Amino acid sequence: MKKYFLNFLSICLLLAPVFQGKSQVFKDPTKSVNARVNDFISKLTLDEKINQLMNATPAIPRLGVPSYNWWNEALHGVGRSGVATVFPQAIGEAATFDPALLKQVSSAISDEARASFNIDRKRGYELHYGGLSFWTPNINIFRDPRWGRGQETYGEDPFLTSQMGVAFVQGLQGDNPNYLKAAACAKHFAVYSGPEGDRHSFNAIATKLDLHETYFPAFKALVKAGVESVMAAYNAVNGIPCSGNGYLLDTVLRQDWGFKGHIVSDCDAVADIFQFHKTVETPEAAAALAINNGLDLNCGNTFTALDNAVKQGLTTEAKIDSALANLTRTRIKLGLFNPVGTDPYDKIGADVINSEAHRQLALKAAEESIVLLKNDGALPLKNDLPKYFITGPNASTINALIGNYYGVNNKMTTILEGIAGQVSKGSQLQFKQGIMLNAPNSNPEDWTTGDAKECDVIFAVLGIDGTIEGEEGDALASSTYGDRLDYNLPKNQIDFLKKLRDGYKGKIITIITGGSPMNLEEVHKLSDAVLLVWYPGEEGGNAVANVIFGRVSPSGKLPVTFPMSLDQLPAFTDYSMKGRTYRFMSDKPMYPFGFGLSYTNFIYKNNKTDKKEITKNQSFDVEATVTNSGKVASDEVVQMYLSVAQQDYLTPLYSLKGFKRISLKPNESKIVHFTVTPQEMQIYNTDGKAVIPNGELKIYIGGSSPIERSQELGASKLVAASVAIKN
């Protein structure tokens, strides 16, 4: 009898996987998402559940579930994962003021991501940076130019950041009602923008007014747009670490905004709760604090302590199940549990990766991002002058193209290569680097400036790169963990430019690379034209050349204010918005938010509203006529700003509430319309409540922010109208 029993048991064990496979509802795409989620969780032990709550999730062989790493990057192209199209850095994309274009860019990025994932899955690869959950976009407010990661953002303005962030999410995630092409992540929630060296222990103090007026709006907009995940920041907010902050993660995200996706920590931020914030004393307490307050996914391994935390009564298995349910929904929407071929995005093939169509899209994005800061008639240039000279540390390096969080590409076009490709045959073009990036030359001989002055035009390619500014451990030449506590360009660059200018009667075109505001006062004085090109991506050199030689009229606008000096700003560690950004800064800037010149002139006329008086629940329409009065076809970014009556609490001086990119031929006019809703008229009081003040509401429409400095620098004159707001 014992022999028969053992044989029967062996047969049952052999058949178990067969019966189990038939009952694997979580792999069945015909079943509801909730049914699949519940089935998956029901099959796991507590240890297996916990292991699925960390970014590097192990395989579960008995269920046929492969490993998966949630940590992937796609800030301006698929990052850290092989050859991919490298688009302009995020701050450059913001300078386009073109959400429709950014949606095309992010859709291209997710196409390439899907194609790579599909290839890897066929080969059996399970790679870090090879998945479909991308920790982008970064929608923190670039409140201070010292922050090294400001280049990753869409600038200083909540409205612009919201519009660009929503567009990026929509393109990345796709438009299928049942599946995600890729999962986007709004980061870093919340109130995170330096200092980088203190981010693991820093406590950002923010008023309710500043939270709701400045730091929250973009996150709220992305949640309403369906972003799949939100990343909690490293720092604490008002004394509580973000990864365990119940007010942020549960009250605001889940309850107030109705967020349905999953929440992930920044990497090792849960460990920071006990190691650096000292909020609790043990890993168990830190893990429990995080999961009890709404965190679902731990980038890191502190959640391994959840087993002991449950035993100690600090949290429950039900909390673990809830977190795992949120994560599992995302995996199902990404098709990760589906049989191959049943996800609509399984068909995306390798031909989209680094395709010519995507390269042309990268070129267009780079062209639209370039901001013309000064032009004393020097640009556009003819391409058949006798002699050109290009110099500077950023002329021939790809570091000036890529910023941070980048992919790699086999055809990166440097600024030198782009200009060389468009200089007419027979014209001379010489190149010498001339100087180092941020240190004096060791060799006292100067063979550059003399040769340069013999040419008709000098291109001086200056600025900074990712070795000087960036994330905590990325910026190799930064002693301040990637932050730029010195606002000036490296002194050797200014000295070099002065030497080039000394006695030279030709034209100096200065091309500035970088991802943040910097002191360009001397550059502005010494140059005949100044182009800010950011980190323009793989087609950066061609885009710069297209603008220089007039194939494209520059149309980028600044998404961030360039102050005259850091003396105009509060302390870097002060998170109050008073005195910061164009919305609250009364001092004259070097370059205002929204500023950018063109090769033509635009005239704004006839700003008028359809109502002269409204109640607080009414919308109204406003319009203005824009005319291209010059001889060059060009795009223009038409911007609408509102200004309410100043209150006895911090009130924005102006707020961007609408913008439209239009194309105008010479002598062409267009009427541009905006609708102003009650939501757009709101400001926030000291309690963080939305209010619409009585009194006069001013509406400004033009090609820059309504700051006098814009007109001093050559921007078109804005037109204004007003509406009276009554109870």
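Look above for the structure.
These numbers were taken from a predicted model, which means no experiment stands behind them.

Parameters at a glance
Along each chain, residues carry numbers from 1 onward, in the same order as the chain's sequence is written. Local features in this predicted model are restricted to residues whose pLDDT is 70 or higher, and side-chain atom pairs enter the listing and the counts only when it is 80 or higher, whereas totals over whole chains, interfaces and linings include all residues. Hydrogen atoms and water are omitted, and side-chain values are computed over all heavy atoms in the structure. Only DSSP runs of H or I covering at least 4 residues are called helices, and only runs of E covering at least 2 are called strands; the numbering of each starts at the N terminus. For the radius of gyration, the atom set is restricted to C-alpha positions; the globular benchmark scales as 2.2 Å times the number of residues to the power 0.38. Only protein chains enter the accessibility calculation, which uses a 1.4 Å probe; a residue is then buried when its area is under 20% of its type maximum, exposed when over 50%, and partly exposed in between. Surface exposure here means Shrake-Rupley accessible area, sampled with a 1.4 Å probe, where a residue is shielded only by the protein chains that are shown. When charges are counted, Lys and Arg contribute as positive and Asp and Glu as negative, whereas His and the chain ends are disregarded. In this description, the location of a charge corresponds to atom NZ of lysine, CZ of arginine, CG of aspartate or CD of glutamate. As used here, the term nonpolar core means buried Ala, Val, Leu, Ile, Met, Phe, Trp, Tyr and Cys residues forming a set that is joined through side-chain atoms within 4.5 Å. Angles shown run from 0 to 180 degrees and are taken between the N-to-C directions of axes, each axis being a line fitted to C-alpha atoms and, for helices, limited to the stretch in contact. For classification purposes, an angle smaller than 35 degrees is called roughly parallel, one larger than 145 roughly antiparallel, one from 65 to 115 roughly perpendicular, and anything else oblique. Handedness of a helix crossing follows the sense of rotation of the near helix relative to the far helix, less than a right angle counterclockwise being left-handed and clockwise being right-handed. Whether two residues touch is decided by their heavy atoms; if any such pair falls within 4.5 Å, the residues are in contact. Only protein atoms enter the 1 Å grid, on which a cavity is a set of points fitting a 1.4 Å probe that cannot get out and a pocket is an open set with protein on both sides within 12 Å along at least 5 of 7 lines, lining residues being those with an atom within 4 Å of a point. Grid points are joined across faces, edges and corners, and a volume is the space filled by probe spheres set on the points. When DSSP finds two or more bridges between a pair of strands, those strands are recorded as paired. Any Lys or Arg side-chain nitrogen found within 4 Å of a carboxyl oxygen on Asp or Glu counts as a salt bridge. Basically, the charged four are Asp, Glu, Lys and Arg, the nonpolar ten are Ala, Val, Leu, Ile, Met, Phe, Trp, Tyr, Cys and Pro, and anything else, Gly included, counts as polar. By definition, disulfides here are pairs of cysteine sulfur atoms that lie within 2.5 Å. Any pair of N or O atoms that falls within 3.5 Å is considered a polar contact. Within protein, one atom must be able to donate a hydrogen and the other to accept it, and sequence-neighbouring residues count only if both atoms are side-chain atoms. Expected helix span is given by 1.5 Å per residue-to-residue step, counting one fewer step than there are residues.

Looking at the overall build of the protein
Logical step 1: Looking only at helices and strands, one finds 23 helices and 24 strands in the protein.
Logical step 2: The C-alpha atoms of the protein give 27 Å as radius of gyration, which agrees with the globular expectation for 727 residues (27 Å, within 12%).
Logical step 3: Across its three principal axes, the protein shows a C-alpha extent of roughly 105 × 65 × 50 Å.
Logical step 4: Residues classed as buried in the protein amount to 61% of the 727 residues present.
Logical step 5: A total of about 27,400 Å² of accessible surface is found on the protein, and carbon and sulfur atoms cover 51% of it.
Logical step 6: Computing the positive centroid from 72 side-chain charges and the negative centroid from 76, the protein places the two 5 Å apart.

With respect to the nonpolar core
Logical step 1: Residues Phe189, Phe303, Ile419, Phe459 and Ile548 are the most contacted members of the largest nonpolar core, which totals 197 residues.
Logical step 2: By size, the runner-up hydrophobic cluster in this structure holds 27 residues, among which are Val622, Met640, Tyr649 and Ile699.

Some details on the packing of helix H2 (residues 33-42) against helix H13 (residues 317-333)
Logical step 1: Two numbers describe how H2 lies on H13: the axes approach to 9 Å, and their chain directions differ by 125 degrees. One way to sum up the angle between H2 and H13 is to call them oblique. As for how H2 packs across H13, the hand of that crossing is right-handed. Residue-level inspection shows Val33, Asn34, Arg36, Val37, Phe40 and Ile41 of H2 in contact with H13, the latter providing Asp321, Leu324, Ala325, Thr328, Arg329 and Ile332.

Observations concerning empty space enclosed by the protein
Logical step 1: If you walk through the whole model with that rule in mind, you get five cavities of 30 Å³ or more.
Logical step 2: Considering only enclosed or pocket space, the largest cavity measures out at about 80 Å³ in volume.
Logical step 3: Lining the largest cavity we find 13 residues, and of these Arg143, Pro145, Glu156, Thr561 and Thr581 sit closest to its centre.
Logical step 4: Estimates place the volume of the second largest cavity at around 60 Å³.
Logical step 5: If you go around the second largest cavity, the residues you meet are Leu642, Ser643, Val644, Pro652, Tyr654, Ser655, Lys657, Glu680, Met681, Gln682 and Ile683.
Logical step 6: When residues of the lining of the second largest cavity are traced back to their parent elements, those giving at least two are strand E18 (634-643), strand E19 (655-664) and helix H22 (678-681).

A short note on the pairing of strand E23 (residues 695-702)
Logical step 1: When E18 meets E23, the two strands line up antiparallel, connected through five bridges. In the sheet register, Gln639 faces E23, and the bridge partner there is Gly702.

As for the pattern of salt bridges
Logical step 1: A complete count under the given rule lists 37 salt bridges for this structure.
Logical step 2: Ionic pairing is found between Asp98 and Arg661, a salt bridge with its closest N-O pair at 3.9 Å. Residue Asp98 is found in the loop between helix H4 (90-95) and helix H5 (99-123), and its partner Arg661 is found in strand E19; the two are separated by 563 residues along the sequence.
Logical step 3: On the basis of relative accessible area, Asp98 is assigned to the buried category, the value being 11%.
Logical step 4: By relative accessible area, which is 19% here, Arg661 ends up buried.
Logical step 5: A salt bridge links Arg254 to Asp296; its shortest N-O distance comes to 2.9 Å. Taken together, the positions of Arg254 in helix H9 (residues 246-256) and Asp296 in the loop between helix H11 (283-292) and helix H12 (306-311) put the pair 42 residues apart, joining distant regions of the chain. Of the two residues examined, Arg254 and Asp296, each falls in the buried class.
Logical step 6: Beyond isolated ion pairs, a larger network of salt bridges with shared partners links Arg149, Glu152, Glu196, Arg199, Glu471 and Glu472.

Re the packing of H5 against helix H14 (residues 356-369)
Logical step 1: Contact geometry of H5 with H14 gives a least axis separation of 10 Å together with a crossing angle of 145 degrees. Relative to H14, the crossing made by H5 is left-handed. Two secondary-structure elements touch here, H5 through Leu101, Gln104, Val105, Ala108, Asp111 and Glu112 and H14 through His358, Leu361, Lys364, Ala365 and Glu368.
Logical step 2: Of the residues contributing to the contact of H5 with H14, the split by class is five nonpolar, two polar and four charged.

A closer look at the side chain of Asn55
Logical step 1: Tracing the chain through its elements places Asn55 in the loop between helix H3 (46-51) and strand E1 (56-57).
Logical step 2: The contact partners of Asn55, leaving out residues within four places of it in the chain, are Tyr68, Asn69, Trp70, Trp71, Trp135, Leu297, Asn298, Cys299 and Gly300.

So, the state of the cysteines
Logical step 1: Applying the stated criterion across every chain yields a total of one disulfide.
Logical step 2: Summary of cysteine pairing: Cys185 is not part of a disulfide, and the nearest cysteine sulfur, belonging to Cys267, is at 10 Å.
Logical step 3: Between Cys242, a free cysteine, and Cys185, which holds the nearest cysteine sulfur, the sulfur-to-sulfur gap is 13 Å.

Some thoughts on the side chain of Glu196
Logical step 1: Structurally, the position occupied by Glu196 is in the loop between strand E3 (185-189) and strand E4 (203-204).
Logical step 2: Residue class for Glu196 comes out buried when judged on its relative accessible area of 0%.
Logical step 3: Of the polar contacts made by the side chain of Glu196, one reaches the side chain of Trp147; its length is 3.2 Å.

So, unusual backbone geometry
Logical step 1: Lys187 connects to His188 through a cis peptide bond whose omega is 0 degrees.
Logical step 2: Note that the residue after Gly194, namely Pro195, is joined by a cis bond; omega there is 0 degrees.
Logical step 3: Residue position: Pro195 is located in the loop between E3 and E4.
Logical step 4: Positive phi, close to 70 degrees, is recorded for Tyr129, a residue that is not glycine.
Logical step 5: With respect to the helices and strands, Tyr129 occurs in the loop between H5 and helix H6 (158-173).

Regarding the environment of Asn138
Logical step 1: For Asn138, the location among the structural elements is in the loop between H5 and H6.
Logical step 2: Given the relative accessible area of 0%, Asn138 is considered buried.
Logical step 3: Expressed as a C-alpha distance, the spacing of Asn138 and Ala186, which sit 48 residues apart in the sequence, is 6.2 Å.
Logical step 4: Only 3.0 Å separates the side chain of Asn138 from the backbone nitrogen of Asn140, close enough to count as a polar contact.
Logical step 5: Among the polar contacts listed, one links the side chain of Asn138 to the side chain of Glu152, at a separation of 3.1 Å.

Overview of H5
Logical step 1: Over its 25 residues, H5 extends 36 Å from the first C-alpha to the last, a length consistent with the 36 Å expected when each residue adds 1.5 Å.
Logical step 2: Gly124 sits one or two positions beyond H5 and adopts a positive phi of about 80 degrees.

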